[in-house]
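Residue-level structural notes
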Amino acid sequence: VQLQASGGGLVQAGGSLRLSCAASGRTFSSHAMGWFRQAPGKEREFVAIISGGGSITYYADSVKGRFTISRDNTKNTLYLQMNSLKPEDTAIYYCAERYARTAVAAPRETDFGSWGQGTQVTVSS
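Residues numbered from 1 in each chain as written. Predicted model: local features only at pLDDT ≥ 70, side-chain atom pairs only at ≥ 80, totals over all residues. Heavy atoms only, no water.

Let us now look at the pairing of strand 8 (residues 77-82). Extensive coverage of strand 8 is indicated by the burial of 5 of its 6 residues. As paired elements, strand 3 (residues 17-23) and strand 8 share 6 bridges and run antiparallel to each other. Counted as the bridge partner of cysteine 21 is leucine 78 from strand 8. Summarising the sheet, strand 7 (residues 67-72) and strand 8 pair through 6 bridges and their orientation is antiparallel. Among the inter-strand pairings, isoleucine 69 is bridged to a residue of strand 8, identified as leucine 80. Linking two consecutive strands that pair antiparallel, namely strand 7 and strand 8, is a turn of 4 residues; a positive phi of about 50 degrees is found at asparagine 76 within it. (Buried < 20%, exposed > 50% of the residue type's maximum accessible area, 1.4 Å probe, protein only. Helix = DSSP H or I, 4+ residues; strand = E, 2+ residues; numbered from the N terminus. Pairing = 2+ DSSP bridges.)

This is the structure:
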């Protein structure tokens with residue numbers, strides 16, 4: 001599968017952005033999907049995950065209540081709605097396809113077999 005992330009940009013603190021991740025292939029709904037991010041000088045970290053059917057989601061504590069992950073299986077597209085953005089949300093955001101259909105609360109990067117190229121999100125103070 002190929003994943004193409006988009007929607008990043010520059011936004012002021014308190015603003016919103018919506019990221020999208022378009023997936024190729026015919027088995028999109030058979031895989032949980034996740035978002036990760038990597039800030040300058042830091043390790044890549046988990047942000048959110050959604051199950052294949054879209055009914056189960058988990059979030060990192062740092063984004064809970066501000067970010068919403070969703071998916072449209074008819075369009076093979078994953079989304080991340082980011083509200084109340086903070087400067088510490090500045091990072092490259094990556095979408096990823098999990099091998100399994102189920103979502104777990106603390107997924108490891110090795111659980112994911114395909115990664116998008118990343119989209120830059122910059123939040124100014």
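Going through the model one piece at a time under the given rule, you end up with 7 salt bridges. Residues aspartate 89 and arginine 37 are paired through a salt bridge, measuring 2.9 Å at the closest nitrogen-oxygen approach. Taken together, the residues span a long stretch of sequence, with aspartate 89 in the loop between strand 8 and strand 9 (91-98) and arginine 37 in strand 4 (residues 33-38) at a distance of 52 residues. Like aspartate 89, the residue arginine 37 is buried in the burial classification. Measuring nitrogen to oxygen at the nearest pair gives 3.7 Å for the salt bridge that ties arginine 98 to aspartate 111. With a gap of 13 residues between them, arginine 98 in strand 9 and aspartate 111 in the loop between strand 9 and strand 10 (112-115) connect regions that are remote in the sequence. On the basis of relative accessibility, which here comes to 10%, the residue arginine 98 falls in the buried class. Among the residues examined, aspartate 111 registers a relative accessible area of 12% and is labelled buried. Overlapping salt bridges, with partners in common, bring together Arg37, Glu45, Arg66 and Asp89 in one network. (Salt bridge = Lys/Arg side-chain N within 4 Å of Asp/Glu carboxyl O.)

A few words now on the packing of aromatic side chains. Applying the stated criterion across every chain, the model contains 4 aromatic pairs. When the ring of phenylalanine 36 is compared with that of tryptophan 115, the centres are 5.0 Å apart and the planes differ by 55 degrees; the resulting orientation is tilted. Taken together, the positions of phenylalanine 36 in strand 4 and tryptophan 115 in strand 10 put the pair 79 residues apart, joining distant regions of the chain. Look at phenylalanine 36 and you get buried, because its relative accessible area is 2%. Seen in terms of ring centroids, phenylalanine 112 and tryptophan 115 are 5.9 Å apart; in terms of plane orientation they differ by 55 degrees. Their pairing is tilted. (Phe/Tyr/Trp six-rings, centres within 6.5 Å; stacked < 30°, edge-to-face > 60°.)

A covalent bond bridging the sulfur atoms of two cysteines is what the word disulfide describes. Applying the stated criterion across every chain, the model contains 1 disulfide. Here cysteine 21 pairs with cysteine 95 through a disulfide, and the sulfurs are 2.1 Å apart. In this structure, the disulfide formed by cysteine 21 and cysteine 95 twists by about 65 degrees around the S-S bond and is classed as right-handed. Placement of cysteine 21 in strand 3 and of cysteine 95 in strand 9 is noted, with a sequence separation of 74 residues between them. (Disulfide = S-S within 2.5 Å.)

Without other data, these values stay purely geometric and don't point to any function.
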